[in-house]
Amino acid sequence: MLLAIDCGNTNTVFSIWDGTKFLATWRTSTEQQRTADQYYVWLSTLMQLKQIEARITEVIISSTVPRVVFNLRVLCNRYFDCRPLVVGRSDCALPVDVRVDPGTQVGPDRLVNTAGAFDRYGGDLIVVDFGTATTFDVVASDGAYIGGVISPGVNLSLEALHDAAAALPNIDVTRPEHVIGTNTVACMQSGIFWGYVSLIDGVLARIKTERAREMTVVATGGLAPLFQQGETLFDHFEEDLTMHGLTVIHRYNRDRENT
Ligand SMILES: Nc1ncnc2c1ncn2[C@@H]1O[C@H](COP(=O)(O)OP(=O)(O)OP(=O)(O)O)[C@@H](O)[C@H]1O
Ligand SMILES: CC(C)(CO)[C@@H](O)C(=O)NCCC(=O)O
Ligand SMILES: [K+]
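Residues numbered from 1 in each chain as written. Chains lettered and ligands numbered in written order. Predicted model: local features only at pLDDT ≥ 70, side-chain atom pairs only at ≥ 80, totals over all residues. Heavy atoms only, no water.

**Quick word on the domain arrangement of the protein**
Formally: As used throughout, domain bounds are those supplied by an automatic or database domain assignment. Only heavy atoms matter for contacts: two residues are in contact if any of them lie within 4.5 Å across the pair. When two parts are brought into contact, each loses some accessible area as probed by a 1.4 Å sphere; the total of that loss over both is the buried area. A pairing counts as a salt bridge when a side-chain nitrogen of Lys or Arg comes within 4 Å of a carboxyl oxygen of Asp or Glu. Polar contact criterion, stated in full: a pair of N or O atoms within 3.5 Å, where within protein one must be able to donate a hydrogen and the other to accept it, and residues adjacent in sequence count only if both atoms are side-chain atoms. In this description a helix means any DSSP run of H or I spanning at least four residues, a strand means any run of E spanning at least two, and both kinds are numbered starting from the N terminus.
With domains assigned, the protein is organised as domain 1 (2-86) and domain 2 (110-244). Taking the mean C-alpha position of each, domain 1 and domain 2 sit 27 Å from one another. Across the boundary between the two partners, domain 1 contributes ten residues, which contact six residues of domain 2. Carbon and sulfur atoms make up 71% of the area that domain 1 and domain 2 hide from each other, which totals about 530 Å². Applying the counting criterion to the domain 1 and domain 2 interface returns zero salt bridges. On inspection of domain 1 and its partner domain 2, the count reaches one residue pair in polar contact (both at pLDDT 80 or more). Listing elements by their share of the side of domain 1 that touches domain 2, those giving two or more residues are β1 (2-7) and β2 (11-17).

**A look at the site of ligand 1**
Using the following cut-off: Nearness of a residue to a molecule or strand requires only that one of the residue's heavy atoms be within 4 Å of it. To measure how exposed things are, a 1.4 Å probe is used in the Shrake-Rupley method; for residues, cover is taken only from the protein chains shown.
Inspection of the region around ligand 1 gives 13 residues, with Thr 10, Asn 11, Arg 27, Thr 132 and Gly 222 positioned closest. Between Thr 132 and ligand 1, the recorded distance is 2.6 Å, taken from a side-chain N or O atom to an oxygen atom. Within the backbone of Gly 222, a nitrogen or oxygen atom sits 2.9 Å from an oxygen atom of ligand 1. Summarising the interface, the protein chains cover 64% of the accessible area of ligand 1, which totals 630 Å² for the free molecule. Taken domain by domain, the makeup of the shell around ligand 1 includes at least three residues from each of domain 1 (2-86) and domain 2 (110-244).

**Some details on the nonpolar core**
The tendency in soluble globular proteins is for nonpolar side chains to be buried as a group. Here is the rule we go by: Joining through side-chain atoms within 4.5 Å is the link that ties buried Ala, Val, Leu, Ile, Met, Phe, Trp, Tyr and Cys residues into a set, and such a set is a nonpolar core. Throughout this description, buried means an accessible area under 20% of the type-specific maximum (1.4 Å probe, protein chains only), exposed means over 50%, and partly exposed covers the range between.
Counting 28 residues, the largest nonpolar core has Phe 130, Val 173, Ile 200, Phe 227 and Phe 234 as its most contacted members. Looking at this core, the elements that each hand over two or more residues are β6 (125-130), β7 (133-139), α4 (154-164), α5 (184-211), β9 (216-220) and α6 (224-228). When residues in this core are grouped by element, the largest group, ten residues, is from α5. Once you skip the residues sitting within four places of it in the chain, Phe 130 turns out to touch Val 154, Ile 200, Thr 220, Gly 221, Gly 222, Leu 223, Ala 224, Phe 227 and Phe 234. Formed by 26 residues, the second largest nonpolar core is a distinct cluster that contains Ile 52, Ala 54, Val 68 and Leu 72.

**Some details on the UniProt feature "binding site: K(+)" (unreviewed entry) in the protein**
Rules: UniProt positions are given in the numbering used here, feature names are shortened, and annotations may be inferred rather than shown by experiment.
Using the residue numbers shown here, the UniProt feature "binding site: K(+)" (unreviewed entry) corresponds to Asp 129. Mapping Asp 129 onto the fold places it in strand β6. When near neighbours in sequence (up to four residues on either side) are disregarded, Asp 129 contacts Asn 113, Thr 134, Thr 135, Thr 220, Gly 221 and Thr 242. Here the side chain of Asp 129 touches Asn 113 through a polar contact of 2.9 Å, side chain to side chain.

Have a look at this one:
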């Protein structure tokens, strides 16, 4: 059984893949101090609660936080008796090319999204991921990652407003009916919601113009459905895109090993 781990700057997601479907998915906050033993206690408790008796024999990791990889490796060695595949390391092959400036360390989550979206839809694509950052990954017709856009994430922008301005409260993002707010919270909600709708709309249009071709837009991340509501920003929403990409990359490496 495969354990796929997607470690973002805010949250870390663990999923168990039985070769055809995900048996379970669990989320925890990303913390650099968490030890292998802590991960194992947490994970094995959840597996017991869900009565999953799967024996984990393989692990694949994507981490945008380099420091957590060490303890995740220890987890694999100590408790699953295996060496994990780590996306972005030289011993983890990618099914898609990466065509960017030399020396660029593309975020592994973006490479995983590229592999996952290309597997489901083929090229040309734009993947929009609403994580800690809002990223746009541009995928060529052959599946190559050819660059993209990094913007501050929605929740990060809200936190920044609250932290920088004494009179601005801490709020959650929601979709306001009107653009013109008539109180402080409504003004902030408008700035974030309609501001991001315009950002997404504008960036997608500019990418398509720059590429001068039709492109399919795939969105992922917790906030994507909120932004899709009533709008037609994306062609598809894939809740599990990053996890799917991890299984694609894992299968690609296993098949290479066997040939
Ligand atoms: N309506 C909502 N308002 C605020 N947050 C939401 C809403 N719907 C979903 N979310 C949040 O979206 C998050 C899921 O986001 P996702 O996994 O895409 O990225 P992340 O974990 O925030 O970032 P990263 O992957 O970079 O660590 C969850 O933490 C959830 O709280
Ligand atoms: C942009 C984030 C933070 C999004 O998770 C991550 O993909 C990352 O740390 N990227 C490194 C820089 C790059 O992708 O070019
Ligand atoms: K993510």
